[in-house]
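Topology and contacts: notes
The residues making up each chain are set out below.
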Amino acid sequence: DTEVTQTPKHLVMGMTNKKSLKCEQHMGHRAMYWYKQKAKKPPELMFVYSYEKLSINESVPSRFSPECPNSSLLNLHLHALQPEDSALYLCASSQDPISGGPAQYFGPGTRLLVL
Amino acid sequence: AQRVTQPEKLLSVFKGAPVELKCNYSYSGSPELFWYVQYSRQRLQLLLRHISRESIKGFTADLNKGETSFHLKKPFAQEEDSAMYYCALSGNNNNDMRFGAGTRLTVKP
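Throughout what follows, the structure given in this document is the object of discussion. (Residues numbered from 1 in each chain as written. Chains lettered and ligands numbered in written order. Predicted model: local features only at pLDDT ≥ 70, side-chain atom pairs only at ≥ 80, totals over all residues. Heavy atoms only, no water.)

Counted by the stated rule, this structure contains 10 aromatic pairs over all chains. Aromatic pair Tyr35(A) and Phe99(B): ring centres 5.7 Å apart, planes at 85°, arrangement edge-to-face. One end of the pair, Tyr35(A), is in strand β4 (residues 31–37); the other, Phe99(B), is in strand β10 (residues 97–99), on a second chain. An angle of 70° between the planes, with centres 6.1 Å apart, marks the rings of Phe106(A) and Phe99(B) as edge-to-face. Taken together, the residues Phe106(A) in strand β10 (residues 105–106) and Phe99(B) in strand β10 connect one chain to another. Taken individually, Phe106(A) and Phe99(B) each receive the classification buried, so the pair is uniform in this respect. Three or more aromatic residues link up through ring pairs in this structure, and these residues are Tyr33(A), Tyr35(A), Phe106(A), Phe34(B), Tyr36(B), Tyr86(B) and Phe99(B). When the ring centre of Phe14(B) is taken as reference, the NZ or CZ atom of Lys108(B) above it lies at 4.5 Å. (Phe/Tyr/Trp six-rings, centres within 6.5 Å; stacked < 30°, edge-to-face > 60°. Helix = DSSP H or I, 4+ residues; strand = E, 2+ residues; numbered from the N terminus. Buried < 20%, exposed > 50% of the residue type's maximum accessible area, 1.4 Å probe, protein only. Lys NZ or Arg CZ within 6 Å of the ring centre and 35° of its normal.)

In structure tokens:
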């Protein structure tokens, strides 16, 4: 399996809902990432996990909560989101950054709409 | 701080013409530079990276440390090259990838 998969593809949620985005890869990559991409804008880094530990948090509001249960899975828990959080959420993975380099492989994204 | 600048939001060329997508960066250490491409309705995918020094789909990019540039070039553009292209930089800690604003390339028949 040489792809990063993300579920769901689309998500509509209210501002009081709790939902989770899921990302999975089976390429043996040890770094995983969450990005937010607004329309016609580049991806913005949110979180980085390296060897299942959170290594970068780009000052993301606490209503976004990442979780890395194991080296193949990455979740993003959502709670009390705002309409401006509507965007495409991308997951990516890369090899061990020391030996394998930082080239990232992206999933197709989850398109989130907050009402 | 690391920064990637793509000065052209839109670029349009005719099929068969040469194309160059510009990318400039600022970073105090030794960066690794990448080009990513996003075709319509497809996921963002790696096109090439400077350390590989390879040609993918006829595209090449050379890192010019003196000019802090990593321009993407192709001698003869094809219609299927129409896409959004992002230049990206990874810094010393190798986990922090920063993207430029992107250039939308349109290749006209």
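Continuing now.
This next bit is on unusual backbone geometry. The residue after Thr7(A), namely Pro8(A), is reached through a cis peptide bond having omega -10°. Locating Pro8(A) in the fold gives a position in the loop between β1 (4–7) and β2 (10–13). For Tyr51(A), which is not glycine, the phi torsion reads 50° and is therefore positive. Assignment of secondary structure puts Tyr51(A) in the loop between β5 (44–50) and β6 (53–57). With a phi angle near 65°, Arg41(B) is a residue other than glycine that sits in the positive phi range. With respect to the secondary-structure elements, Arg41(B) resides in the loop between β5 (32–38) and β6 (45–49).

Turning next to the pattern of salt bridges. Any two side chains of opposite charge can pair, given that their charged atoms come close. Residue and element names in this part refer to chain A. Going through the model one piece at a time under the given rule, you end up with 8 salt bridges over all chains. The shortest N-O distance in the salt bridge between Glu-52 and Arg-30 comes to 2.7 Å. Of this pair, Glu-52 sits in the loop between β5 and β6 while Arg-30 is found in the loop between β3 (18–25) and β4, placing the two residues 22 residues apart along the sequence. Accessibility expressed as a relative area gives 32% for Glu-52, which makes it partly exposed. (Salt bridge = Lys/Arg side-chain N within 4 Å of Asp/Glu carboxyl O.)

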